[in-house]
Number of protein chains: 2
Amino acid sequence: MTSLLLISSSTVHGGGYLDHVETELKEFLSGIPEILFVPYALHDRDGYAAKARERFSRLDIAVKSLHAARDPLDAIGGAGAIFVGGGNTFRLLKTLGDLRLRRPLRKRVLEGALYIGSSAGTNLACPTIRTTNDMPIVSPSSLAALKLVPFQINAHYLDPDPGSTHKGETREERIRQLHEEPENREPVVGLRENVWLLRRGASLLLKGPAEAGARLFRPGREPNEYGAGADLSFLLRETAKM
Amino acid sequence: MTSLLLISSSTVHGGGYLDHVETELKEFLSGIPEILFVPYALHDRDGYAAKARERFSRLDIAVKSLHAARDPLDAIGGAGAIFVGGGNTFRLLKTLGDLRLRRPLRKRVLEGALYIGSSAGTNLACPTIRTTNDMPIVSPSSLAALKLVPFQINAHYLDPDPGSTHKGETREERIRQLHEEPENREPVVGLRENVWLLRRGASLLLKGPAEAGARLFRPGREPNEYGAGADLSFLLRETAKM
């Protein structure tokens, strides 16, 4: 069974690292003694691994970092749970591609390893990283990602600010531009910072605080709003089968 | 002589299309009866060309749109001035690549055709489009751009908002991430929305209202602020020669 916890943002306003998902993490990782951490979205891999290690130690979970593994393929093959941290999505994808670890990661998750993604790690779970907000600081050979879900996610989704004087495109305008391109048919879930998606096999739930939610964009349709608690399992069925 | 007018944003708060650069456009295009418009950053090319045509008609300048030219290479070869409009930079670059027009455009500008870029069109003038803010809605075969200047520009540059509760990276953090990658050595000029760059051969000026400015980022150094009117010609010399 494919089990995914896809978090929009590693922190939310006023909280510490992964604090807002602590209860969910405990439940999702219940019985798991160790996770494999993928630090490649940030430049300082040692520092990032130390940060993750400290955070998960408070849940009594050990952290092994992929960048420090003697045999990365072995580490992936033996992982019961994988956590891909946030940062720059282009850097993350390019590094996995250069190290030839993208397919092994995908395979391991489809075999049943639990997958946690946050921000860039959540983008990575999509068919491509075309809905990232990040700057293309490096060029992966392709934007194809892990395809652990058949739709796209826009993490850190941000509603237009009616008071803004800035003239850059709003997030909604950017996603509409994506769907103007005939090759982009996948729905896009705009995940606001305080929500996350929980996939267990054929079930997909939107979770978070009661007042929170997500916005769903599909080509040629008006966007739809879904509140925390919504069952989005239809998104696993309505697009190309996995 | 290479002549470039590189505009951060096609509009600024409270104004209409290209209003804030109207005086500069008149001067830059003085004596030019017609410009060649490159509409590929937006999906609706006809609509975009009509918008540009209306705007430049008020300056008594005709607009020919590249997408409607019977022979695009001929249109580029005969252009006295080229205007590349804003939109999605990935789409712009991919379209130029697919149509094999990137090199001819560059050649024509280096031969002396005036070049005006706005937003995505300004990104396009850089060595690569790695400092775009846009979503990677399509995949150009490479991020290499026109290299009409030897440095990078971040258009719509935005200062961190101390009141923000959003947890996505600030623009400055994104540019710092770019410079963490050893392959990215070019300085980055963060052009706030109300300023523009004017290049005339070896001279490069930052222009705009008196209170405006730009922020310059270089690898391993603290950023520097420059006010409108600043002479940035050193940026044409300090990096790899053109």
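For every chain, the first residue of the written sequence is number 1, and numbering continues from 1 along that sequence. Written order decides the labels, with chains lettered from A and ligands numbered from 1. Per-residue local features of the predicted model are confined to residues with pLDDT of at least 70, and side-chain atom pairs are confined, for both listing and counting, to 80 or more; whole-chain, interface and lining totals are unaffected and use all residues. Side-chain calculation: all heavy atoms of the structure are included, whereas hydrogens and water are not.

Colleague: I keep staring at the overall build of chain A and nothing clicks. Help me out?
Modeller: The secondary structure content of chain A amounts to eight helices and 11 strands. The principal-axis extent of the C-alpha atoms belonging to chain A is close to 50 × 40 × 40 Å. For chain A, the proportion of its 242 residues judged to be buried stands at 57%. Contacts: residue pairs with any heavy atoms within 4.5 Å of one another. At a minimum sequence separation of 6, the contacts of chain A that also span at least 24 residues come to 69%. In the form shown here, chain A has an accessible surface area of approximately 9,900 Å², with 48% of it arising from carbon and sulfur atoms. As used throughout, the charge tally considers Lys and Arg to be positive and Asp and Glu to be negative, leaving His and the chain termini uncounted. A single reference atom marks each charge: NZ on Lys, CZ on Arg, CG on Asp, CD on Glu. Side-chain charges of chain A comprise 32 positive and 29 negative groups, with the mean position of each set lying 6 Å from the other. Working definition: helices are DSSP H or I runs of at least four residues, strands are E runs of at least two. Numbering for both runs from the N terminus. Burial here depends on accessible area, computed with a 1.4 Å probe over protein chains only, as a share of the maximum for the residue type. Under 20% is buried, over 50% is exposed, and the range in between is partly exposed. We get accessible surface area from the Shrake-Rupley algorithm with a probe of 1.4 Å; when it comes to residues, only the shown protein chains can shield them.

Colleague: Help me understand the relation of the copies chain A and chain B in this model?
Modeller: Copy one and copy two of the chain differ by a rotation about a common axis and a shift along it. A least-squares superposition brings the copies together, and it is based on the C-alpha atoms of residues with pLDDT no lower than 70 in both. Placing chain A over chain B gives an RMSD of 0.0 Å and needs a rotation angle of 180 degrees, together with 0.0 Å of translation along the axis. Such a turn and shift between the copies fits a two-fold axis. Interface overlap between copies: 100% of the residues of chain A at the interface are likewise at the interface in chain B, consistent with a symmetric, same-surface contact.

Colleague: Explain the pattern of salt bridges to me, please; I cannot follow it from the model alone.
Modeller: When the charged atoms of two side chains lie near each other, side chains of opposite charge can form a pair. We count a salt bridge whenever a side-chain nitrogen from Lys or Arg sits within 4 Å of a carboxyl oxygen from Asp or Glu. Following the criterion strictly, the structure yields 34 salt bridges over all chains and no others. When the shortest N-O distance is used, the salt bridge between arginine 174 of chain B and aspartate 134 of chain A registers 3.7 Å. Residue arginine 174 of chain B is found in helix H7 (residues 171-180), and its partner aspartate 134 of chain A is found in the loop between helix H6 (120-124) and strand E6 (152-157); the two belong to separate chains. Grouping residues by exposure puts arginine 174 of chain B and aspartate 134 of chain A together as buried. Counted as one network, the salt bridges with shared partners bring together Asp159, Glu172, Arg192, Arg215 and Glu225 of chain A.

Colleague: How should I be thinking about the pairing of strand E8 (residues 196-200) of chain A in this particular structure?
Modeller: Looking along a regular strand, one sees the side chains alternate between the two faces of the sheet. Residue and element names in this part refer to chain A. Most of E8 sits inside the fold, with four of its five residues counted as buried. Examined bridge by bridge, strand E1 (residues 3-7) and E8 share five bridges and lie antiparallel to one another. Bridge pairing links isoleucine 7 to tryptophan 196 in E8. Sheet topology places E8 next to strand E9 (residues 203-207); five bridges connect them, and they run antiparallel. Looking at E9, one finds that arginine 200 is bridged to serine 203. If DSSP finds at least two bridges between two strands, the strands pair.

Colleague: So what exactly am I meant to see when it comes to the sheet that holds strand E7 (residues 188-192) of chain A here?
Modeller: The pairing of strands in a sheet happens through backbone hydrogen bonds and is either parallel or antiparallel. All names here are of chain A. Read across the open sheet, the four strands follow the order E6-E7-E10-E11; overall the sheet is mixed. Two strands bound the open sheet, and with one partner strand each, they are E6 and strand E11 (224-227). With strand direction ignored, the average angle separating the axes of adjacent strands in the sheet is 25 degrees. Against the sheet, helix H7 (residues 171-180) contacts E6, E7 and strand E10 (213-217), and its axis sits at roughly 165 degrees relative to E6. Here the axes come from fitting lines to C-alpha atoms, over the contacting stretch only for helices, and the angles between their N-to-C directions go from 0 to 180 degrees.

Colleague: Quick question: what am I supposed to make of the interface of chain A and chain B here?
Modeller: Accessible area lost upon the coming together of the parts is a frequently used measure of interface size. Counting residues at the interface gives 40 residues for chain A and 40 residues for chain B. Once two parts are brought into contact, the accessible area they lose, counted with a 1.4 Å probe and summed over both, makes up the buried area. With both sides pooled, the region where chain A packs onto chain B buries about 3,400 Å², and carbon together with sulfur makes up 54% of that total. Remark: the boundary between chain A and chain B carries six salt bridges. Polar contact criterion, stated in full: a pair of N or O atoms within 3.5 Å, where within protein one must be able to donate a hydrogen and the other to accept it, and residues adjacent in sequence count only if both atoms are side-chain atoms. In this assembly, chain A and chain B are joined by 16 residue pairs in polar contact (both at pLDDT 80 or more). Residue assignment for the side of chain A that touches chain B shows that the elements contributing at least two residues are helix H4 (89-98), E6 and H7 of chain A.

Colleague: Before we go on, may I ask you to explain H7 of chain A in this structure?
Modeller: Note on helix geometry: an α-helix contains 3.6 residues per turn, so any two residues three or four positions apart are oriented the same way. Judged by how many residues are buried, H7 of chain A sits mostly within the fold: seven of 10 residues are covered. Residues of H7 of chain A that are buried include every one of Arg171, Glu172, Arg174, Ile175, Gln177, Leu178 and His179 of chain A, and no others. If you follow the buried residues of H7 of chain A, they end up packed against E6, E7 and E10 of chain A together with helix H4 (89-98) of chain B.

Colleague: Could you clarify how one ought to interpret the environment of phenylalanine 28 of chain A in this entry?
Modeller: Summarising the element assignment, phenylalanine 28 of chain A is placed in helix H1 (residues 22-28). Taking C-alpha positions, phenylalanine 28 of chain A is 9.8 Å from alanine 81 of chain A, a pair spaced 53 residues apart along the chain.

Colleague: What am I meant to see in the side chain of glutamate 181 of chain A here?
Modeller: With respect to the helices and strands, glutamate 181 of chain A occurs in the loop between H7 and E7. Classification of glutamate 181 of chain A by relative accessible area gives buried; the value is 11%. Discounting residues that sit within four places of it in the chain, glutamate 181 of chain A has contacts with Arg91, Ile137 and Val138 of chain B.

Colleague: Honestly, unusual backbone geometry in this entry has me stumped. Any pointers?
Modeller: Note: most residues except glycine have negative phi, and most peptide bonds are trans. A positive phi angle, close to 55 degrees, is found at serine 119 of chain A, a residue other than glycine. Take serine 119 of chain A: it is sitting in the loop between strand E5 (114-118) and H6.

Colleague: I would appreciate a short explanation of the side chain of asparagine 88 of chain A in the present structure.
Modeller: Within the secondary structure, asparagine 88 of chain A sits in the loop between strand E4 (81-84) and H4. At 3.0 Å, the side chain of asparagine 88 of chain A forms a polar contact with the backbone nitrogen of arginine 91 of chain A. Residues in contact with asparagine 88 of chain A, not counting those within four places in the same chain, are Ala41, Ala120, Asp134, Met135 and Ile137 of chain A together with Gln177 of chain B.

Colleague: Explain the packing of aromatic side chains here, please?
Modeller: Remark: the centre distance and the inter-plane angle together describe each pair of aromatic rings, the angle taken between the planes. Residues and elements named next belong to chain B. Note on aromatic pairs: the rings of Phe, Tyr and Trp (six-membered ring only in Trp) are paired at centre separations within 6.5 Å, and the planes decide the class, stacked below 30 degrees, edge-to-face beyond 60, tilted for the rest. Going through the model one piece at a time under the given rule, you end up with 10 aromatic pairs over all chains. Arranged with centres 5.7 Å apart and planes meeting at 55 degrees, the rings of tyrosine 157 and phenylalanine 217 form a pair that is tilted. One end of the pair, tyrosine 157, is in strand E6 (residues 152-157); the other, phenylalanine 217, is in strand E10 (residues 213-217), with 60 residues separating them in the sequence. Accessibility classification places tyrosine 157 together with phenylalanine 217 in one group, the buried group.

Colleague: How should the sheet that holds strand E8 (residues 196-200) of chain B be read in this particular structure?
Modeller: All names here are of chain B. Spatially, E3-E2-E4-E5-E1-E8-E9 is the arrangement adopted by the seven strands of the open sheet, whose pairing is mixed. Looking at the sheet topology across the chains shown, the edges are occupied by strand E3 (62-65) and strand E9 (203-207). Sheet twist, expressed as the mean angle between neighbouring strand axes with direction ignored, is 20 degrees. The pairing of strand E4 (residues 81-84) with strand E5 (residues 114-118) spans four bridges and is classified as parallel. Directly across from phenylalanine 83, in E5, lies its bridge partner isoleucine 116.

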